[in-house]
Amino acid sequence: DAMLALGPVPKVPSPKPDRRTRSDEVALWHLTDWQGGKRTADYDRDVMRTRLMRFCDKAERITEIQRSARPIRRCVVALGGDMVEGLFNFPGQAFEVDATLFGQFTYVSRLIVDVVRRALALYEAVDVVSEWGNHGRVGSKRDNVPPADNIDRMCYHLAREILGPDARLTWPDCPTGIQRIEAGAYTALLCHGDEVGRSGFASPTTFQAWGTRQRVAQPQPFRDIYVGHFHRHAQEPLADGVGAIYWTGSPESGNTYALDGMAAAGVPSQRLHFIDPERGRVTSIHQVWLDA
């Protein structure tokens, strides 16, 4: 109610239309594992905002470079889950947050709005595909709470409501655990990453086997899979040798829990791809560093 009382967010002016007739490409922003509300020695909500705005700045510069060769009119913003830190995932977590669930919900929702507005200012059309993660879970795994009652999903809903209707923006709800990305002939799955059944680390071969099962389980074919959850940037071919699994990092840093539990760390980053919508494949891949 407080956000609605502020009035509607002004519409973002459309970028200048690209009149070139040559074949275009589609940008894909894979943004995941923001862990909004996480507090470490060098990460909190303010650092998160700075790093995500840095991603938008760098994505804009890279897009303009790509546009020197071809039009890029559309963007898919894939929000991969764990946008909030949550409170129910590991012992002592409540002592490693700078906001409880209400603060995480409001702050992260507004940051999602700001990121989508940056995309709308850069591209003529934006499709948001959103997926929820395990950190948005309400209660423990043993609690009788439907999995789709997830704080990530609530953030997406509030962000959509704040933005309001926009003819240049499509953003469906995410009532199920695996989402679908489509850009012309290009198709992919957007997963959080915990779907394979491991809470810590799942090997590339485990993911290959899971991806092969999804070829059968999914009602429609797909080429690639985008995954967060593990805070790592990597690429692994699927078993068919055509598609790929793309793991994407996190803007978070200083995760003592990950260092102690899995001896894992990573430089903050997110992922930017460009897609050929006619051939249905990725044409260029960028790991966008967020530390500087």
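No experiment lies behind these values; they were computed from the predicted model shown. (Residues numbered from 1 in each chain as written. Predicted model: local features only at pLDDT ≥ 70, side-chain atom pairs only at ≥ 80, totals over all residues. Heavy atoms only, no water.)

Caption draft 1: Main features of the overall build of the protein chain. A count of helices and strands for the protein chain gives six helices and 11 strands. In terms of overall dimensions, the protein chain has a C-alpha envelope of 55 × 50 × 35 Å along the principal axes. For the protein chain, contacts bridging at least 24 residues in sequence account for 72% of all contacts bridging at least 6. Across the protein chain, the mean location of the 35 positive side-chain charges is 5 Å away from that of the 36 negative side-chain charges. (Helix = DSSP H or I, 4+ residues; strand = E, 2+ residues; numbered from the N terminus. Contact = heavy atoms within 4.5 Å. Lys, Arg positive; Asp, Glu negative; His and termini not counted. Charge placed at Lys NZ, Arg CZ, Asp CG, Glu CD.)

Caption draft 2: Seen up close, the packing of helix 3 (residues 101-122) against helix 4 (residues 151-163). Close contact between helix 3 and helix 4 brings their axes to 8 Å; oriented N to C, the two are set at 50°. Judged by the inter-axis angle, helix 3 sits oblique to helix 4. By crossing handedness, the relation of helix 3 to helix 4 is classed as right-handed. In this structure, helix 3 uses Leu-101, Gln-104, Phe-105, Val-108, Ser-109, Arg-110, Ile-112, Val-113, Val-116 and Arg-117 to contact helix 4, whose residues at the interface are Ile-151, Met-154, Cys-155, Tyr-156, Leu-158, Ala-159, Ile-162 and Leu-163. Partitioning the contact of helix 3 with helix 4 into residue classes produces 14 nonpolar, two polar and two charged. (Axes fitted to C-alpha atoms, helices over the stretch in contact; angles between N-to-C directions. Parallel < 35°, antiparallel > 145°, perpendicular 65-115°, else oblique. Left-handed = near helix turned anticlockwise from the far one by under 90°. Nonpolar A, V, L, I, M, F, W, Y, C, P; charged D, E, K, R; others polar.)

Caption draft 3: Region of interest: the packing of helix 2 (residues 45-67) against helix 3. Across the interface, helix 2 lies against helix 3 with an axial gap of 11 Å and an inter-helix angle of 15°. By the angle between their axes, helix 2 is roughly parallel relative to helix 3. In terms of crossing hand, the pair formed by helix 2 and helix 3 is right-handed. A breakdown of the residues in the contact of helix 2 with helix 3 according to their chemical character gives 10 nonpolar, two polar and 10 charged.

Caption draft 4: Seen up close, the sheet that holds strand 8 (residues 234-237). An order of 5-6-7-9-8 is seen for the five strands of this open sheet, with the pairing classed as mixed. Lying at the two open borders of the sheet, with one neighbouring strand each, are strand 5 (179-183) and strand 8. Put simply, the sheet's adjacent strands are angled 20° from each other on average, direction ignored. Against the sheet, helix 5 (residues 204-217) touches strand 6 (186-190), strand 7 (224-227), strand 8 and strand 9 (244-247), its axis set at about 125° to strand 9. (Pairing = 2+ DSSP bridges.)

Caption draft 5: Here's a closer look at helix 4. The terminal C-alpha atoms of helix 4 lie 18 Å apart, and with 13 residues this matches the ideal 18 Å at 1.5 Å per residue to within 8%. Among the residues of helix 4, Ile-151, Asp-152, Cys-155, Tyr-156, Leu-158, Ala-159, Arg-160, Ile-162 and Leu-163 are the ones counted as buried. One side-chain oxygen of the residue at the start of helix 4 lies 2.8 Å from the amide nitrogen of Asp-152, identifying that residue as Asn-150. Looking one or two residues beyond helix 4, the residue adopting positive phi is Gly-164, at roughly 75°. (Expected span 1.5 Å × (residues − 1). Buried < 20%, exposed > 50% of the residue type's maximum accessible area, 1.4 Å probe, protein only. Polar contact = N/O pair within 3.5 Å; in protein donor to acceptor, adjacent residues only side chain to side chain.)

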